[in-house]
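So the chains spell out like this:
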Amino acid sequence: MLVVMLRKVWAKKWMTACVLLGSILLIATMISLPLYQNAAFDRMLRDEFDTTYEQTGQWPAKLYVEQDSKQRTGAIYIFQMESFLEEIGERLGVETKECVRFYKTVVRQVNSIHGRETYVPHYKIRLSMYSDLEEHVKVLNGNMFSGDGISEDGYIEVLITEECMLKNGFVVGEVLGFTNMLDSEGNRVEVKIIGIVEPQEEDLYWEIGSEELQDVLLIKECIFRDMFLGESANEHLITCRYCYLFEYENLVAGQVEPMLNEIQNELYQGNVFGEIL
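If you're wondering where the values come from, they're calculated on a predicted model, not measured in any experiment. (Residues numbered from 1 in each chain as written. Predicted model: local features only at pLDDT ≥ 70, side-chain atom pairs only at ≥ 80, totals over all residues. Heavy atoms only, no water.)

Draft legend 1. Spatial organisation of the overall build of the protein chain. The helix and strand tally for the protein chain stands at 7 helices and 11 strands. Counting over 277 residues, the protein chain shows a buried share of 40%. At a minimum sequence separation of 6, the contacts of the protein chain that also span at least 24 residues come to 78%. For the protein chain, the exposed surface amounts to about 16,200 Å²; the carbon and sulfur share of it is 53%. (Helix = DSSP H or I, 4+ residues; strand = E, 2+ residues; numbered from the N terminus. Buried < 20%, exposed > 50% of the residue type's maximum accessible area, 1.4 Å probe, protein only. Contact = heavy atoms within 4.5 Å. Areas by Shrake-Rupley, 256 points an atom, 1.4 Å probe, with all protein chains shown as cover.)

This is how it looks when you write it as structure tokens:
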């Protein structure tokens, strides 16, 4: 029987070869289809990212988190969030291109102590800080922060934008005192405006947003941490905003769903809000 079958195969050897070759090609196609499909999805994702960036000017792979601290446990929440976000790129399997932290206090009342020739009524404004701010603004008038963020006459140095100056009537060199904010030693917080700055153009750092610059006094990060995230942290309400930009050029379609699930599981809790664009 076997000999008969072999003779028939040999008699139709070319047809048999074609069938065998076709079977091999079919198997190869079935095996390689998922690879080509994934490559096509990855290409479509990158094209969509490029189109979004070109049309809107906004970075297309961005994680945005906003958190309001709580009195009594505020510092714990903030430190936990900072610790979590420090490893966010590694946890999501993507490379981080830029990360920015923006913290601000609640609105407080201040009055001009000196540095003005005319009387000005009370202002209402916030103290805030941006991480590594000095590297992402340019000075229009006055000076940048000194090394420790304290002026020679002992005041906390603050920067403002031109919009903030025009809106509130501030002047460089003016000293402001907060009427209901005390430092760790029980003294009234007093600040000195040392310069006017504006965001650098075409800087991805400002994906976090610059619209609130007109309503805040910017202080050095180390000063803000010492005043509001140190021993007296539980006495203050702080709004924290984080912006992480990821290298979307290397992002593949298979990473998107796990990233969204990870963010949803970790960040949509209590007083924390997060989204990825």
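Draft legend 2. Just the nonpolar core, in detail. Counting 63 residues, the largest nonpolar core has Leu127, Tyr130 and Leu217 as the members making the most contacts within it. Among the elements that take part in this core, strand E10 (residues 238–246) stands out by supplying 7 residues, more than any other. Other than its neighbours up to four places away in sequence, Tyr130 contacts Val100, Arg101, Phe102, Tyr205, Trp206, Ile208, Gly209, Leu213 and Leu218. (Core = buried A, V, L, I, M, F, W, Y, C linked by side-chain atoms within 4.5 Å.)

Draft legend 3. Representation of the side chain of His136 within the structure. Mapped onto the secondary structure, His136 falls in the loop between strand E4 (123–130) and strand E5 (137–142). Ignoring any residue separated from it by four or fewer positions in sequence, one finds His136 in contact with Glu98, Pro199, Gln200, Asp203, Tyr205 and Trp206.

Draft legend 4. Structural detail: the pattern of salt bridges. Scanning the model with the defined rule gives 13 salt bridges in all. A salt bridge links Arg241 to Glu66, with the shortest nitrogen-to-oxygen separation between them at 3.4 Å. Highlighted residues: Arg241 in strand E10 and Glu66 in strand E1 (residues 62–68), separated in sequence by 175 residues. Classification of Glu66 as partly exposed rests on a relative accessible area of 25%. (Salt bridge = Lys/Arg side-chain N within 4 Å of Asp/Glu carboxyl O.)

Draft legend 5. Representation of unusual backbone geometry within the structure. For Asp132, which is not glycine, the phi torsion reads 55° and is therefore positive. Tracing the sequence through the fold places Asp132 in the loop between E4 and E5. Looking at Asp132, the relative accessible area reads 43%, which means it is partly exposed.

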